[in-house]
Amino acid sequence: SAARYAAAAMECTAESKPCLACPACRKVMQDIHPDVTFVRDAEHKELSIDTVRAMRADAFIRPNEGRKKVYILPRGQDLGAPSQNALLKILEEPPEHVIFILATTEVHKLPATILSRCQRFDFKRITPEDICARLQYVAEHENITLDEDAAALIAKVADGALRDALSLLDRCCAVDEHITSEVVTKSAGLAGRDYLMRLSECIIKKDCASALGIINELHMNSCDMERLCSEFMFHLRDLMIVKTVKNADSILIATDDELKSLKALAEKLPLEGLLYDLNIIEDTFSQIKRSSNKRIPLEMAFVKLCSESLDSENDALLRRISALEAKLASGNFTAASSTVPVEN
């Protein structure tokens, strides 16, 4: 979208660019301008070298009716090595009437030789407050009732992407015109705070059976296991923030009641344990993406989290020692009784 507006500004004939009202702007926004081309390859995911070569040959032809010829590559990271080399040739000595716009979310996949010949503009994530405000604006104009906590939950799921937030809002509208946090939870396939809290309590109490029972319940209710793993990972991250940041409410997206619950739960978990749990869940999230059965890796992870004796790594041993020291310091430690044989 930003690339299209930039192209409109280059072709606009008004003083204020882009005006979005002149014939040139309207043609660009409708994708019918002869001098603005979206470079796509319908047959392949990656842009083929033939597609790039055709674009390169066309680039030397003067504009038909505009001032510039603009080529937009919507997925710049999809350039294969041969296509990158073909594009590099024209980037080194481009015609003065040609502009290339590479839009990408994975700029690290572009080689340094191409990046060094481009002006780079990094877009930042949109703040949750701005997303919530925009959602409320859209809801008001569409006659939708959107609760504040529901808007905050949508903003959290969107993770800084307004387009994803609006897409989720649209899905929620199909369920109910009065959008609550429950509607958002159902539409997004989320587990909800209560399940996350219960799973955390299972880890604290080392209750493996209850944890697996909760996962089974969610699975039977068609909860996506990959989404559940992602939710729990961010839930542990929230606990880590609460544990380490004084004003956690400035970072977290949570209601006052949720923040209180997080603080109460964080007091029961040592920081070493939280970091260990985060590592386990993060590794599990990577495994789930490659697994044919997404439920099994998650169950294995919670068995491991609820049974520390299964882990013999140094970090696990240090955490167990830390737990023993905490019990000794609080006076809640009771040594196991032993019988010493006495000879007569």
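Each value, and the rule that gives it
Residues numbered from 1 in each chain as written. Predicted model: local features only at pLDDT ≥ 70, side-chain atom pairs only at ≥ 80, totals over all residues. Heavy atoms only, no water. Helix = DSSP H or I, 4+ residues; strand = E, 2+ residues; numbered from the N terminus. Buried < 20%, exposed > 50% of the residue type's maximum accessible area, 1.4 Å probe, protein only. Contact = heavy atoms within 4.5 Å. Areas by Shrake-Rupley, 256 points an atom, 1.4 Å probe, with all protein chains shown as cover. Axes fitted to C-alpha atoms, helices over the stretch in contact; angles between N-to-C directions. Parallel < 35°, antiparallel > 145°, perpendicular 65-115°, else oblique. Left-handed = near helix turned anticlockwise from the far one by under 90°. Nonpolar A, V, L, I, M, F, W, Y, C, P; charged D, E, K, R; others polar. Pairing = 2+ DSSP bridges. Core = buried A, V, L, I, M, F, W, Y, C linked by side-chain atoms within 4.5 Å. Salt bridge = Lys/Arg side-chain N within 4 Å of Asp/Glu carboxyl O. Phe/Tyr/Trp six-rings, centres within 6.5 Å; stacked < 30°, edge-to-face > 60°.

1. Quick word on the overall build of the protein chain
For the protein chain, the count of helices and strands is 16 helices and 5 strands. Looking at the protein chain as a whole, 38% of its 344 residues qualify as buried. Expressed as a percentage of contacts within the protein chain between residues at least 6 apart in sequence, the contacts between residues at least 24 apart total 66%. When the accessible area of the protein chain is evaluated, it comes to approximately 20700 Å², of which 51% is carbon and sulfur surface.

2. Here we look at the packing of helix α12 (residues 225-244) against helix α14 (residues 271-290)
Between α12 and α14, whose axes approach to 9 Å, the crossing angle comes to 160°. Comparing their axes, α14 and α12 come out roughly antiparallel. When the axes of α12 and α14 are compared, the crossing they make is left-handed. Across the interface between the two elements, Met225, Glu226, Cys229, Ser230, Phe232, Met233, Leu236, Arg237, Leu239, Met240, Lys243 and Thr244 of α12 pack against Leu271, Leu274, Leu275, Asp277, Leu278, Ile281, Glu282, Thr284, Phe285, Ile288 and Lys289 of α14. In terms of residue class, the contact of α12 with α14 is made up of 14 nonpolar, 3 polar and 6 charged.

3. As for the sheet that holds strand β1 (residues 36-38)
Read from one edge to the other, the open sheet built from 3 strands follows the order β1-β2-β3, with strand pairing classed as parallel. Each edge of the open sheet is held by one strand with a lone partner, namely β1 and β3 (98-102). The average undirected angle you get between the axes of adjacent strands in this sheet is 15°. Relative to β3, strand β2 (residues 69-73) is paired through 5 bridges, and the arrangement is parallel. Along β3, the bridge assignment pairs Tyr71 with Phe100. Strand contacts of helix α1 (residues 2-11): β1, β2 and β3, with the helix running at about 175° to β2, the strand carrying the most contacts.

4. Digging into the nonpolar core
If you look at the biggest cluster of nonpolar residues, it comprises 40 residues, and the most contacted ones within it are Leu199, Leu228, Phe232, Leu239, Ile281, Leu298 and Phe302. Looking at this core, the elements with two or more residues in it are α10 (193-205), α11 (208-220), α12, α13 (256-266), α14 and α15 (295-306). A total of 9 residues in this core trace back to one element, the largest contributor, which is α12. Leu199 has contacts with Ala211, Ile214, Ile215, Leu228, Phe232 and Phe302, leaving out every residue within four places of it along the chain. Within the second largest apolar cluster, 19 residues are counted, among which are Ile131, Ala139, Leu168 and Cys172.

5. Some points on the pattern of salt bridges
A complete count under the given rule lists 13 salt bridges for this structure. The partner of Glu201 in a salt bridge is Lys268, and the shortest N-O contact between them spans 3.1 Å. With a gap of 67 residues between them, Glu201 in helix α10 and Lys268 in the loop between α13 and α14 connect regions that are remote in the sequence. Its salt-bridge partner being Lys289, residue Glu226 comes within 2.9 Å of it at the nearest N-O pair. Note that Glu226 is positioned in helix α12 and Lys289 in helix α14, a separation of 63 residues in sequence. Under the relative-accessibility criterion, Lys289 is labelled partly exposed at 49%.

6. Here's the deal with the packing of aromatic side chains
In this structure the tally under the stated criterion is 2 aromatic pairs. When the ring of Tyr71 is compared with that of Phe100, the centres are 5.6 Å apart and the planes differ by 25°; the resulting orientation is stacked. Of this pair, Tyr71 sits in strand β2 while Phe100 sits in strand β3, and the two are 29 residues apart along the sequence. For Phe100, a relative accessible area of 15% puts it in the buried group. Between Phe232 and Phe302, the ring centres sit 5.1 Å apart and the planes meet at 55°, which makes this aromatic pair tilted. Here Phe232 is found in helix α12, whereas its partner Phe302 is found in helix α15, with 70 residues between them in sequence. Assessed through its relative accessible area of 1%, Phe232 is described here as buried. Classification of Phe302 by relative accessible area gives buried; the value is 1%.

Remember that the coordinates give geometry; whether it matters functionally is a separate question.
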